[in-house]
Amino acid sequence: MKILIIGSGGREHTLAWKARQSSRCDYLYVAPGNAGTASLAEDVDIAVDDFEKLKQFIISKQIEMVIVGPEAPLVGGIREYLLADANLRNLMIIGPGKVGAQLEGSKDFAKQFMNRHRIPTAGSRTFTRDTLEEARNYLQTTNLPTVLKADGLAAGKGVIICHDRQEAIATIEKMLSDRMFGPASDTVVIEDFLAGIELSVFVLSDGNSYKILPEAKDYKTIGENNSGPNTGGMGSVSPVAFADKVFMEKVEQRIIKPTIKGLQEDGIEYKGFIFIGLMNVGGEPFVIEYNVRMGDPETEVVMPRIKTDLLDLMEATALGNLDKINLEIDPQAAATVVMVAGGYPGDYKKGDEIHGLLTADKTSLIFHAGTRMTNGKVLTNGGRVLTVTGFGNTVQAALNQSYSGVAAIHWKDVYFRKDIGQDLLALE
Ligand code: AMP
Ligand code: GLY
């Protein structure tokens, strides 16, 4: 099979690594990819939003399957764009169409969807610039903290948790009047704060049936113990001890089944990953958000735990045969630590040479995120530079393996969190 993976992060490197293990993988391309994907596949210099160039490439190389990594091209309608071409009628695409992608592309759409299908989520109200006065009044009455969410895509920065009423009112003014997040905050969802512990649940949907992939926990803040600003993710662990049979049964009955059924009832054909961000509130699951793709860095621990051939799984997703697939999960634990450029998520430097990759490679799995190869040297090329995944019989053993890989890798001003997984170990 000839496959194209769209994206350039650790998620896409991991998907490429997993696809490569399939005997059915004849040609693998990644657009635009990074120095890591280049070692497994052919990197193609086309941006994820250049639909026309991607389409011409897919036609010229006779690609049979496209796996879309990030959300932006899905929200932008890449599925419809490609399938509209008569040459691509049989193309298998992993990722929903434009309407399904609104589950991530619009917080208000997702809220309406959950309320319509009685899926547990925080109470909320939606406001626009025209209803700013009502929003101000509403914020005089809400419990604190209160959560303000830009409706549209805001590169993971669009959620602001306010602990003070005046701060909340000033923030909604900035979002709605001053367009703090551009058009993404022309509509704002004000949501009740949920206190609990977060979990990332991944579901593969073929439009009719579904498979639940291994769950994971992500560590979002730059600093240890949940301190400092949010990042794209600083590490992750799978499995997650509190996501036991009882909890996951609640997730499946109350959230996953109604989500799949809701999509069908709404006439939305959904073939792809659904990433459900949950809050475990005293043992009860509530949806914080939907994403229409895999998580990053969750993919780096989820994919290594899947034993089933990725291409069999992806083909069944595209063709509507997921019910015929036996999804085999490795009971071992996986942990990943993200190594970032000093200064991230603020300003940071690019172009520093990365040392120690070959040593770390012997003990751990290295997935590149922001790297590039120049004159045989691997250089930093982003904030999140690479992730190091370890495996073991326990979460602790997986963390040990990951951190031993991390210890072998260095570059100027490298930073990583040393407490990945510690909160889960404390719960055990
Ligand atoms: P999102 O961009 O929707 O993933 O939100 C970013 C982060 O904000 C989440 O990972 C949570 O940590 C936090 N968050 C979002 N919504 C809520 C909520 N209703 N209650 C508490 N925390 C929230
Ligand atoms: N790790 C969170 C995300 O991918 O959105």
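One structure accompanies this document, and this report is about it. Nothing here was measured: the structure is a model prediction, and the numbers come from that model. (Residues numbered from 1 in each chain as written. Chains lettered and ligands numbered in written order. Predicted model: local features only at pLDDT ≥ 70, side-chain atom pairs only at ≥ 80, totals over all residues. Heavy atoms only, no water.)

Thoughts on the site of ligand 2
Around ligand 2, the neighbouring residues are Asp218, Gly232, Phe275, Arg293, Gly295, Asp296, Pro297 and Glu298. In this structure, arginine 293 approaches ligand 2 through a side-chain N or O atom, which is 2.9 Å from an oxygen atom. For ligand 2, a nitrogen atom lies 2.7 Å from a polar atom in the side chain of glutamate 298. Relative to its unbound accessible surface of 200 Å², ligand 2 loses 88% to contact with the protein. Here the residues of the shell around ligand 2 sort into two nonpolar, two polar and four charged. (Near = heavy atom within 4 Å. Polar contact = N/O pair within 3.5 Å; in protein donor to acceptor, adjacent residues only side chain to side chain. Areas by Shrake-Rupley, 256 points an atom, 1.4 Å probe, with all protein chains shown as cover. Nonpolar A, V, L, I, M, F, W, Y, C, P; charged D, E, K, R; others polar.)

Considerations on the pattern of salt bridges
Inspection of every chain in the model, using the stated rule, returns 26 salt bridges. Across the salt bridge formed by aspartate 312 and arginine 24, the nearest N and O atoms sit 2.7 Å from each other. Linking aspartate 312 in helix α11 (residues 310-319) with arginine 24 in the loop between α1 (10-20) and β2 (27-32), this pair joins segments that are 288 residues apart in sequence. On the basis of relative accessible area, arginine 24 is assigned to the partly exposed category, the value being 27%. (Salt bridge = Lys/Arg side-chain N within 4 Å of Asp/Glu carboxyl O. Helix = DSSP H or I, 4+ residues; strand = E, 2+ residues; numbered from the N terminus. Buried < 20%, exposed > 50% of the residue type's maximum accessible area, 1.4 Å probe, protein only.)

Looking at the environment of proline 345
Tracing the backbone through its elements, the reader meets proline 345 in the loop between β18 (333-341) and α12 (357-361). For the pair formed by proline 345 and isoleucine 222, sequence separation is 123 residues and the distance between their alpha carbons is 7.4 Å. In this view, proline 345 contacts Ile222, Pro229, Asn230 and Thr231; residues no more than four positions away in its chain are not counted. (Contact = heavy atoms within 4.5 Å.)

Things to note about α11
Burial analysis of α11 places seven of its ten residues in the buried class, the great majority of the element. For α11, the set of buried residues is Leu310, Leu311, Leu313, Met314, Ala316, Thr317 and Ala318. The elements touched by buried residues of α11 are β1 (2-7), α1, β4 (65-68), β5 (92-94), β10 (197-205) and β16 (272-281). Where α11 terminates, the next one or two residues include glycine 320, which has phi positive at roughly 80°.

Focus on helix α7 (residues 132-139)
Residues of α7 that are buried include every one of Leu132, Ala135, Tyr138 and Leu139, and no others. Along α7, the residues classed as buried sweep out an arc of 115° about the axis, all on the same side. Elements in contact with the buried residues of α7: β6 (124-128), β7 (146-150), α8 (165-176) and β9 (187-192). (Arc of directions from axis to C-beta.)

Some details on the sheet that holds β5
If you trace the five strands from one edge of the open sheet to the other, you get β3-β2-β1-β4-β5, paired in parallel fashion. Unpaired on one side and paired on the other, β3 (42-43) and β5 mark the two borders of the sheet. Of the pairings in the sheet, the one linking β4 to β5 comprises three bridges and is parallel in character. In the strand pairing of β5, methionine 65 is matched with methionine 92. Sheet strands in contact with α11 are β1, β4 and β5, and its direction is about 105° off that of β5. (Pairing = 2+ DSSP bridges. Axes fitted to C-alpha atoms, helices over the stretch in contact; angles between N-to-C directions.)

Things to note about the nonpolar core
Core analysis: the biggest nonpolar cluster contains 75 residues, and Leu4, Ile276, Tyr290, Leu386 and Ile409 have the highest contact counts within it. Tallying contributions element by element places helix α9 (residues 245-265) first for this core, with seven residues. Counting residues in each nonpolar core, the second largest holds 36 residues, with Ala19, Leu28, Leu204 and Leu311 among its members. (Core = buried A, V, L, I, M, F, W, Y, C linked by side-chain atoms within 4.5 Å.)

What about the side chain of lysine 107?
Locating lysine 107 in the fold gives a position in helix α6 (residues 107-116). Since its relative accessible area comes to 18%, lysine 107 is described here as buried. If sequence neighbours within four positions are ignored, lysine 107 has contacts with Lys149, Ala150, Asp151, Val159, Val189 and Glu289.

With respect to the packing of helix α5 (residues 98-105) against α6
It is at 6 Å that the axes of α5 and α6 come closest, and there the two elements cross at 100°. Here α5 lies roughly perpendicular to α6, going by the angle between them. Where α5 abuts α6, its residues Val99, Gln102, Leu103 and Gly105 lie against Lys107, Phe109, Ala110 and Phe113. Here the residues of the contact of α5 with α6 are counted per class, giving five nonpolar, two polar and one charged. (Parallel < 35°, antiparallel > 145°, perpendicular 65-115°, else oblique.)

Things to note about a nonpolar patch on the surface
Together, Val159, Ile161 and Phe193 make up a nonpolar patch on the protein surface, roughly 230 Å² of accessible area in all. Structurally, valine 159 can be placed in strand β8 (residues 159-162). (Patch = residues over 30% accessible without salt bridge, like charges linked within 9 Å, V, L, I, M, F, W, Y side chains within 5 Å.)

A word on the packing of aromatic side chains
What the rule picks out here adds up to ten aromatic pairs. With a centroid separation of 5.0 Å and an interplanar angle of 85°, the aromatic rings of tyrosine 29 and phenylalanine 57 are classed as edge-to-face. Here phenylalanine 57 lies in helix α2 (residues 51-60) and tyrosine 29 lies in strand β2, a separation of 28 residues in the sequence. We note that tyrosine 29, like phenylalanine 57, is buried. Look at tyrosine 344 and tyrosine 348: their rings are 6.2 Å apart centre to centre, the planes differ by 65°, and that puts the pair in the edge-to-face class. (Phe/Tyr/Trp six-rings, centres within 6.5 Å; stacked < 30°, edge-to-face > 60°.)

Quick look at the site of ligand 1
Around ligand 1, the structure places 14 residues, and the nearest of them are Glu191, Asp192, Leu194, Glu198 and Glu289. In this structure, leucine 194 approaches ligand 1 through a main-chain N or O atom, which is 2.8 Å from a nitrogen atom. Within the contact set of ligand 1, an oxygen atom lies 2.7 Å away from a side-chain nitrogen or oxygen of glutamate 289. For ligand 1, whose free accessible area comes to 470 Å², the fraction covered by protein is 90%. Breaking the shell around ligand 1 down by element, the ones donating at least two residues are β7, β8, β9 and β17 (284-291). Tallied by class, the residues present in the shell around ligand 1 amount to seven nonpolar, no polar and seven charged.

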